[in-house]
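Descriptive analysis of the structure
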Amino acid sequence: FSFSTMALDQLPKGWFSEVNAFWPGQAMSLDVEEVLFEAKSDFQEVKVYRTKAWGTMFTLDGCIQVCDKDECSYHENIAHIPLFSHPDPKNVLIIGGGDGGAMREVLKHKSVESVTICDVDKMVPEISRKYFPKLACAFDDPRSEVIIGDGFAFLEDKADRYDVIIVDSSDPDGPASTLFGEEFFTRCKNALREGGTLVTQAENIWIHLELIASMKKFIEGIGWATVEYASIGIPSYPSGGIGFFVCSKRGSCKEMMRPLAPDMRDTLNYYDEDMHKAAFCVPRFVKKALGL
């Protein structure tokens, strides 16, 4: 008999595998105890699972968005890296992020007066309220606002409006495709006040380095003071990590501009002063590809 054939035949059922052409030849797999929710929204397939080892998991079109066990890594970093890189953030916009996790972290900053989510899919905040209350708690804060709409179109008439913009999007092969182009980054820059900061989900250095390099080139051409790349570990995402472009009208974001208050520190599981600096430390092959 063929050992390879036997091994394939004996793969266990009841496992979710994140098979996708955007990361060919590999897949994250999790043992699933129950499918809690599944539906087709106006834009994508939405599913919620209870997994054996990683808690509740949320997917869009078969791609993992949130797992209870490691969501802190993504949400803390995508929020606190840009906000601590700003001296006094007051008004924040989140494009995407309908699960509420990034908003939850933004609202930990006492200087923040308002934070708006603009997410294209109304089903995402709905399922977050039901299955991810630790994320959706942000929606009840009086400083928060949730708008259902297209983020690209939302920015069209915004100018000098925000101190920080966070683009918490899915991958560029679905409803978020318009959030990866030059015109979108130009609109973000225009919507930021003087000294403002933009952070955007920027894929994985092990799989998408060519895409990251091409994006960095056109983002720099828009005229930011600095365009930097940060990378973090998050096991449930492809190849165990994800990156961010951190773009500033002021200058480098590698150093925090404000201290981390003790009461906020107690709420964090991943981010702190050391992890902020570490996020900008990338391997030599990434430095070469991105010209760092």
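Read on for a plain summary of the structure. Keep in mind it's a predicted model, so treat the numbers as computed, not measured. (Residues numbered from 1 in each chain as written. Predicted model: local features only at pLDDT ≥ 70, side-chain atom pairs only at ≥ 80, totals over all residues. Heavy atoms only, no water.)

Moving on, we get to the sheet that holds strand β11 (residues 226–233). The mixed open sheet is built from seven strands, whose spatial order is β8-β7-β6-β9-β10-β12-β11. Here the strands that pair on one side only, and so sit at the sheet edges, are β8 (144–148) and β11. The mean inter-strand angle of the sheet, taken between neighbouring strand axes irrespective of direction, is 15 degrees. When strand β6 (residues 91–96) meets strand β9 (residues 162–168), the two strands line up parallel, connected through five bridges. When the bridges of β9 are listed, Gly-96 appears paired with Asp-168. Relative to the sheet, helix α7 (residues 182–191) contacts β6, β9 and β10 (192–201), its axis offset from that of β10 by approximately 145 degrees. (Pairing = 2+ DSSP bridges. Helix = DSSP H or I, 4+ residues; strand = E, 2+ residues; numbered from the N terminus. Axes fitted to C-alpha atoms, helices over the stretch in contact; angles between N-to-C directions. Contact = heavy atoms within 4.5 Å.)

A word on a positive patch on the surface. Among the surface-exposed residues, Lys-254, Arg-284, Lys-287 and Lys-288 lie close enough to one another that they form a single positively charged patch. Among the secondary structure elements, Arg-284 is positioned in helix α11 (residues 284–290). A relative accessible area of 60% places Arg-284 in the exposed class. (Patch = residues over 30% accessible without salt bridge, like charges linked within 9 Å, V, L, I, M, F, W, Y side chains within 5 Å. Areas by Shrake-Rupley, 256 points an atom, 1.4 Å probe, with all protein chains shown as cover. Salt bridge = Lys/Arg side-chain N within 4 Å of Asp/Glu carboxyl O. Lys, Arg positive; Asp, Glu negative; His and termini not counted. Charge placed at Lys NZ, Arg CZ, Asp CG, Glu CD. Buried < 20%, exposed > 50% of the residue type's maximum accessible area, 1.4 Å probe, protein only.)

A pair can form between side chains of opposite charge whenever their charged atoms are brought close. Summed over the entire model, instances satisfying the criterion amount to 16 salt bridges. With a closest N to O distance of 3.5 Å, Asp-140 and Arg-129 form a salt bridge. Of this pair, Asp-140 sits in the loop between α5 (133–136) and β8 while Arg-129 sits in helix α4 (residues 123–131), and the two are 11 residues apart along the sequence. Assessed through its relative accessible area of 57%, Asp-140 is described here as exposed. You can call Arg-129 partly exposed: its relative accessible area is 45%. With a shortest N-O distance of 3.1 Å, Arg-143 and Asp-141 are connected by a salt bridge. Residues joined in a network through salt bridges with shared partners are Glu-71, Arg-104, Glu-105 and Lys-108.

Attention now goes to α7. Every buried residue belonging to α7 is among Phe-184, Phe-185, Arg-187, Cys-188, Lys-189 and Ala-191, and all of these are buried. Lining the buried residues of α7 we find β6, α6 (151–154), β9, β10 and α8 (209–220).

For any pair of aromatic rings, the description rests on two quantities: the centre-to-centre distance and the angle between the ring planes. Applying the stated criterion across every chain yields a total of 11 aromatic pairs. When the ring of Phe-58 is compared with that of Phe-132, the centres are 6.3 Å apart and the planes differ by 55 degrees; the resulting orientation is tilted. Taken as a pair, Phe-58 in strand β4 (residues 56–60) and Phe-132 in the loop between α4 and α5 lie far apart in primary sequence, 74 residues in all. Of the two residues, Phe-58 and Phe-132, neither departs from the other in class, the shared state being buried. If you follow Lys-158 out to its NZ or CZ, it ends over the ring of Phe-154, 3.9 Å from the centre. (Phe/Tyr/Trp six-rings, centres within 6.5 Å; stacked < 30°, edge-to-face > 60°. Lys NZ or Arg CZ within 6 Å of the ring centre and 35° of its normal.)

We now examine the sheet that holds strand β5 (residues 63–67). Hydrogen bonding along the main chain pairs the strands of a sheet, whether they run parallel or antiparallel. Pairing is antiparallel across the open sheet formed by five strands, whose spatial order is β1-β2-β3-β4-β5. The two strands at the open ends of the sheet, each matched to only one other strand, are β1 (15–17) and β5. Looking at each pair of strands side by side, their axes are set apart by 40 degrees on average, direction ignored. The sheet contact formed by β4 and β5 spans four bridges and is antiparallel.

Following the sequence through the fold, His-109 ends up in the loop between α3 (101–106) and β7 (114–119). A relative accessible area of 0% places His-109 in the buried class. Among residues more than four places away in sequence, those in contact with His-109 are His-80, Leu-83, Phe-84, Arg-143, Arg-258 and Met-264.

This is a description of form; function is not addressed.
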